[in-house]
Amino acid sequence: MSVINEIQSKIAEVAGEHGAAVVGIGRGWRFGSGTVIASDRVLTAAHHVRSEGVTVTFAEDRNATAELVEVDRDLGLALLEVDTGEVEPLTWAPAGAEVGIGTAVVALANPGGRGVRASLGFVAAADRSFRGPRGRRVSGAIEHTATLPRGSAGGPLLDSEGRLLGVNALRLEGGLIVALGPGSGLREAVERMARGEASARPFLGVAVAPPHVARRMQRAVGLPERDGLLVRGVEDESPAARAGIVRGDLIIAAAGEQVDGIDALHRALDAAAGNGGLTLTVVRGTEERQVEVELAGATA
């Protein structure tokens, strides 16, 4: 029983010392968790921030209204400015801290300000990848077994010393949780947002269907089957919209390289980031055409 008692004491210690830095985000049915990472700065999941004036709930049911500082849409993070009062921010784990399979972690959450939850778990995979909100593949994430309730996204993942390893982002089938960690560029993203800078990666501004869906739709309307990404929607005022890309276009190449999936398109966008533009080959109906997309400044 001594081992169990030690584990219980460690969880209680971490929750007691750092629970005040875990806040509730939102009210009603749309709620989540947030992490105090600096004086008057709270990090949370971007999908919790839907409007101006986000409600943040601190210990002892103190509520405050936060303003959005910046969003990283690729990682799905939002940085908020709010009066954190006397709350002691969490301390980052040292750079290069070893996080491997079996590393013990403590996950904290405060879903909508309903009270701090704490759970012990272990790292199941230290270099997990998953698709972020924009469809980009995010690598270097931490998959762990610390169970958490709904509304825990945005809460911290701590090491056994109570230092910040990552921010919980996504629940997987089977109950495992994925957290954005050092390998996913978490700290760099936070520093960038603190300077008021959005994601450094360029975006096109389209919603696409995968190649197999594109081929099926081409068959349905009697068009020749081609590999590529079918444009299902174009964001207003986006680089794609300005370049004249429309719904129904099939993107078959980027910078002269075949586009056989969304990852290929993202690689081409990243490679073109320093050049300011990207040449796409699209098929509209039966006509193939070259489209020049201006990417300068398109990182929001």
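Just so we're clear, the structure is a prediction, and the values are computed from it rather than from any experiment. (Residues numbered from 1 in each chain as written. Predicted model: local features only at pLDDT ≥ 70, side-chain atom pairs only at ≥ 80, totals over all residues. Heavy atoms only, no water.)

## What to know about the overall build of the protein
1) Next: The secondary structure content of the protein amounts to five helices and 18 strands.
2) Next: In terms of principal-axis extent, the alpha carbons of the protein reach across some 70 × 40 × 35 Å.
3) Next: Each of the 300 residues in the protein was classed as buried or not, and the buried ones make up 48%.
4) Next: A separation of at least 24 residues holds for 58% of the contacts in the protein among residues at least 6 apart in sequence.
5) Next: For the protein, the computed accessible surface area is about 14,500 Å², with 48% contributed by carbon and sulfur atoms. (Helix = DSSP H or I, 4+ residues; strand = E, 2+ residues; numbered from the N terminus. Buried < 20%, exposed > 50% of the residue type's maximum accessible area, 1.4 Å probe, protein only. Contact = heavy atoms within 4.5 Å. Areas by Shrake-Rupley, 256 points an atom, 1.4 Å probe, with all protein chains shown as cover.)

## Looking at the pattern of salt bridges
1) Next: For the structure shown, the criterion picks out 14 salt bridges.
2) Next: Aspartate 159 is the partner of arginine 163 in a salt bridge, and the nearest nitrogen-oxygen pair spans 2.9 Å.
3) Next: Take aspartate 159: its relative accessible area is 8%, and that puts it in the buried class.
4) Next: In this structure, aspartate 249 engages arginine 284 in a salt bridge whose closest nitrogen and oxygen atoms are separated by 2.7 Å. In this pair, aspartate 249 is assigned in the loop between helix 4 (239-243) and strand 15 (250-254) and arginine 284 in strand 17 (residues 277-284), connecting sequence segments 35 residues apart.
5) Next: Overall, arginine 284 belongs to the partly exposed group, its relative accessible area being 28%. (Salt bridge = Lys/Arg side-chain N within 4 Å of Asp/Glu carboxyl O.)

## Let's talk about the sheet that holds strand 5 (residues 63-72)
1) Next: Taken in spatial order, the six strands of this closed barrel run 1-2-3-6-5-4, and their pairing is antiparallel. On average, adjacent strands in this sheet sit at an angle of 40 degrees to one another, irrespective of strand direction. (Pairing = 2+ DSSP bridges. Axes fitted to C-alpha atoms, helices over the stretch in contact; angles between N-to-C directions.)

## Overview of the packing of aromatic side chains
1) Next: Going through the model one piece at a time under the given rule, you end up with zero aromatic pairs.
2) Next: Over the aromatic face of phenylalanine 31 sits the side chain of arginine 114, whose NZ or CZ is 4.1 Å from the ring centroid. (Phe/Tyr/Trp six-rings, centres within 6.5 Å; stacked < 30°, edge-to-face > 60°. Lys NZ or Arg CZ within 6 Å of the ring centre and 35° of its normal.)

## Observations concerning the sheet that holds strand 11 (residues 164-171)
1) Next: The six strands lie next to each other as 7-8-9-12-11-10, forming a closed barrel whose pairing is antiparallel. Across the sheet, the axes of successive neighbouring strands diverge by a mean angle of 50 degrees, strand direction being ignored.
2) Next: Looking at chain direction, strand 9 (residues 137-144) and strand 12 (residues 177-180) are connected through three bridges and run antiparallel. By the bridge assignment for strand 12, glutamate 143 is matched with valine 178.
3) Next: Across the face of the sheet, helix 1 (residues 2-18) comes into contact with strand 7 (104-109), strand 8 (117-131) and strand 10 (156-158) while running at roughly 80 degrees to strand 8.

## Some words on the pairing of strand 7
1) Next: Extensive coverage of strand 7 is indicated by the burial of five of its six residues.
2) Next: As paired elements, strand 7 and strand 8 share six bridges and run antiparallel to each other. Directly across from valine 106, in strand 8, lies its bridge partner leucine 120.

## Remarks on helix 2 (residues 186-194)
1) Next: Inspection of helix 2 places Leu186, Ala189, Val190, Arg192 and Met193 among the buried residues, and these make up the whole buried set. Down the axis, helix 2 shows its buried residues gathered within 165 degrees of arc, on one side only.
2) Next: One or two positions beyond helix 2, positive phi appears at glycine 196, with a value near 80 degrees. (Arc of directions from axis to C-beta.)

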